[in-house]
Amino acid sequence: MNVANIARRLVAGELHYALGRFESVRRGYSALRRLSPRSRQRAPAGPPIALPPLPATLFAGQTADRALADLRRDSIALGFDLPWSMVEEMVEFATHSPLQRRLRDDRTFYRHDVRKGRLEDGSPAVMGIVPDPLDCPAVRRVCRDPLLMECAGAFLGFAPTKIIPRLFWSFVTDATDDERRQLGQTIDWHYDVHDFHFCSAQFYLTDVGPGAGEHALVRGSHHGKSLRMLLGSANARDEELFTRFARDRILVVEGPAGTGFIEDTSCYHRATPPVSRERLMLQLWLS
């Protein structure tokens with residue numbers, strides 16, 4: 001159990017971290033937001049981004065009703081694939097942007113500085129995070145997509161007002177698991193608690209197959225957690241997780257560059273470390 005960590009974050013003012021893990025709280029928060037849309041809200045761990053929606057969507061093959069049904073059943077809704085021109089623009093931007101090993105890190109480097117998963121001083125390069133993704137017009141375009149916002153709003157129960165983009169490389173490296181954890185790579189099964197209610201949209205910007213940093217999740221694990229899981233750490237060991245949920249619920253998401261999906265990240269999920277090729281991903285935290 002990790003009650004001490006929850007208490008520490010409560011003292012720091014992060015009430016959402018203790019309460020947002022409960023389904024009943026998320027549903028109640030949605031109702032409150034619907035009844036009082038202008039009520040003052042806690043600021044999230046990142047800047048609010050005022051981006052009005054555009055009239056046309058990038059995702060004409062998807063609908064809000066279908067996405068909502070998939071999210072409620074499986075914790076994930078596929079079918080949000082980006083056009084190739086936008087993928088190319090974001091790859092070009094991320095290739096030539098300065099990177100950080102962790103957000104707000106003073107040290108920066110470039111993709112071409114990474115050699116065999118290490119920087120020049122020999123330290124591991126697990127991830128390369130673009131510090132200012134909104135400088136890329138294609139990223140701003142995705143953040144303003146009307147259907148994406150409609151689907152997120154249908155799931156949340158209110159129109160998302162906080163959009164936090166992350167654009168980052170995951171490199172092939174011989175870093176140890178402990179080094180990966182220290183540098184923020186979420187290789188362990190866990191669920192997120194970003195806000196009182198939340199979801200994410202994620203887009204592969206490189207081809208992702210076996211060994212290329214596949215995202216994995218346990219379908220339907222956004223509900224049905226044990227009391228120990230809810231009151232303890234958001235991380236779970238395999239033996240604990242698969243005592244509660246069947247292993248056949250694991251979904252490993254693979255696909256070509258541009259593959260996109262919305263996820264209820266209160267489900268258990270994890271990053272698979274790349275072993276054969278690096279991965280570039282765009283992720284939007286929505287709340």
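The preceding data block contains the structure.
Residues numbered from 1 in each chain as written. Predicted model: local features only at pLDDT ≥ 70, side-chain atom pairs only at ≥ 80, totals over all residues. Heavy atoms only, no water.

1. With respect to the packing of aromatic side chains
Note the cut-off: Any Phe, Tyr or Trp ring, taking Trp's six-membered ring, that has another such ring centre within 6.5 Å forms a pair; planes under 30 degrees apart are called stacked, those over 60 apart edge-to-face, and the others tilted. Counting from the N terminus, the helices are DSSP H or I runs at least four residues long and the strands are E runs at least two residues long. Remark: exposure states derive from per-residue accessible area (1.4 Å probe, protein chains only) relative to the maximum for the residue type, with buried under 20%, exposed over 50%, and partly exposed in between. Put simply, a charge is over a ring when the Lys NZ or the Arg CZ is close to the ring centre, within 6 Å, and near the line of the ring normal, within 35 degrees.
Tallied over the full model, the rule gives nine aromatic pairs. With centroids separated by 5.5 Å and ring planes inclined at 70°, the aromatic side chains of Phe 59 and Phe 80 adopt a geometry described as edge-to-face. Of the two residues, Phe 59 sits in the loop between helix 3 (23–35) and helix 4 (64–74) while Phe 80 sits in the loop between strand 1 (76–78) and helix 5 (84–96), which places them 21 residues apart along the sequence. In this pair, the class of Phe 59 matches that of Phe 80, namely buried. Put simply, the rings of Tyr 29, Phe 158 and Phe 196 touch in pairs and so form one group of aromatic residues. One Lys or Arg, Arg 33, reaches over the ring of Phe 158 and ends 4.0 Å from the middle of that ring. Sitting over the ring of Phe 168, Arg 166 keeps its end group 4.7 Å from the ring centre.

2. Description of the sheet that holds strand 1
Stated formally: Two strands qualify as a pair provided that DSSP identifies no fewer than 2 bridges between them. A fitted line through C-alpha atoms serves as each axis, taken over the contacting stretch for helices, and the angle formed by two N-to-C directions is quoted from 0 to 180°. Here a residue-residue contact requires only that any non-hydrogen atoms of the pair lie within 4.5 Å.
Across the sheet, which stays open at both edges, the six strands sit in the order 1-7-4-9-3-2 with antiparallel pairing between neighbours. In this open sheet, the two edge strands, each paired with only one partner strand, are strand 1 and strand 2 (127–130). The mean inter-strand angle of the sheet, taken between neighbouring strand axes irrespective of direction, is 20°. Of the pairings in the sheet, the one linking strand 4 (residues 199–204) to strand 9 (residues 279–286) comprises six bridges and is antiparallel in character. Bridge assignment links Ser 200 to a residue of strand 9, and that residue is Trp 285. Each of strand 1 and strand 7 (260–263) touches helix 4; the most contacted strand, strand 1, lies at about 140° to it. Across the sheet, helix 7 (residues 146–156) touches strand 3 (163–170), strand 4, strand 7 and strand 9, and the angle it forms with strand 4 is around 145°.

3. Regarding helix 3
The test is simple: The span one expects for a helix is its residue count, reduced by one, times 1.5 Å.
With 13 residues, helix 3 should reach 18 Å at 1.5 Å per residue; the first-to-last C-alpha distance of 19 Å fits that figure. Here the buried face of helix 3 lies against helix 7.

4. Let's talk about the nonpolar core
Spelled out, the test is: Nonpolar cores were defined as sets of buried Ala, Val, Leu, Ile, Met, Phe, Trp, Tyr and Cys residues, with membership established by side-chain atoms within 4.5 Å.
Ranked by size, the top nonpolar core spans 48 residues in total, and within it Met 90, Leu 148 and Phe 203 carry the most contacts. Every element with two or more residues in this core is listed here: helix 4, helix 5, helix 6 (137–143), helix 7, strand 3, strand 4 and strand 9. A total of seven residues in this core trace back to one element, the largest contributor, which is helix 7. Not counting the four nearest positions on each side in its chain, Met 90 is found in contact with Leu 82, Cys 136, Ala 138, Val 139, Val 142, Leu 205, Leu 280 and Leu 282. By size, the runner-up hydrophobic cluster in this structure holds 14 residues, among which are Ile 76, Leu 183, Leu 217 and Phe 261.

5. Remarks on the sheet that holds strand 8 (residues 269–271)
Read across the open sheet, the three strands follow the order 6-5-8; overall the sheet is antiparallel. Whereas interior strands pair on both sides, the edge strands pair on one side only; in this sheet they are strand 6 (250–253) and strand 8. Going from strand to strand, the sheet's axes swing by 20° on average, the running direction of each strand aside. Bridging between strand 5 (residues 215–218) and strand 6 involves four bridges; their strand directions are antiparallel. Bridge pairing in strand 6 links Ala 216 to Val 252.

6. Thoughts on the pattern of salt bridges
Quick reminder of the rule: Each reported salt bridge corresponds to a side-chain nitrogen of Lys or Arg within 4 Å of a carboxyl oxygen of Asp or Glu.
The full count for this structure, using the stated rule, is 10 salt bridges. The closest approach of N and O atoms between Glu 278 and Arg 111, which form a salt bridge, is 2.3 Å. Here Glu 278 is found in the loop between strand 8 and strand 9, whereas its partner Arg 111 is found in the loop between helix 5 and strand 2, with 167 residues between them in sequence. Classification of Glu 278 as partly exposed rests on a relative accessible area of 22%. For Asp 174, the salt bridge is made with Arg 118, and the minimal N-O distance between the two is 2.8 Å.

7. Section: the pairing of strand 7
Burial along strand 7 is two-sided: Gly 260 and Ile 262 facing one way and Phe 261 and Glu 263 facing the other are all buried. Bridging between strand 4 and strand 7 involves four bridges; their strand directions are antiparallel. Considered in strand 7, the bridge of Ser 200 is made with Glu 263.

8. Here we look at helix 5
The end-to-end C-alpha separation of helix 5 is 19 Å, in line with the 18 Å expected for 13 residues at 1.5 Å each. Of all the residues in helix 5, the buried ones are Met 86, Val 87, Met 90, Phe 93, Ala 94 and Thr 95. The secondary structure elements touched by the buried residues of helix 5 are strand 2, helix 6, strand 3 and strand 9.

9. A few points about the environment of Gly 79
With respect to the helices, strands and loops of the structure, Gly 79 is situated in the loop between strand 1 and helix 5. The class of Gly 79 is partly exposed, set by a relative accessible area of 37%. Along the backbone, Gly 79 and Pro 52 are 27 residues apart, and their C-alpha atoms lie at a distance of 23 Å. Other than its neighbours up to four places away in sequence, Gly 79 contacts Gln 62 and Gly 260.

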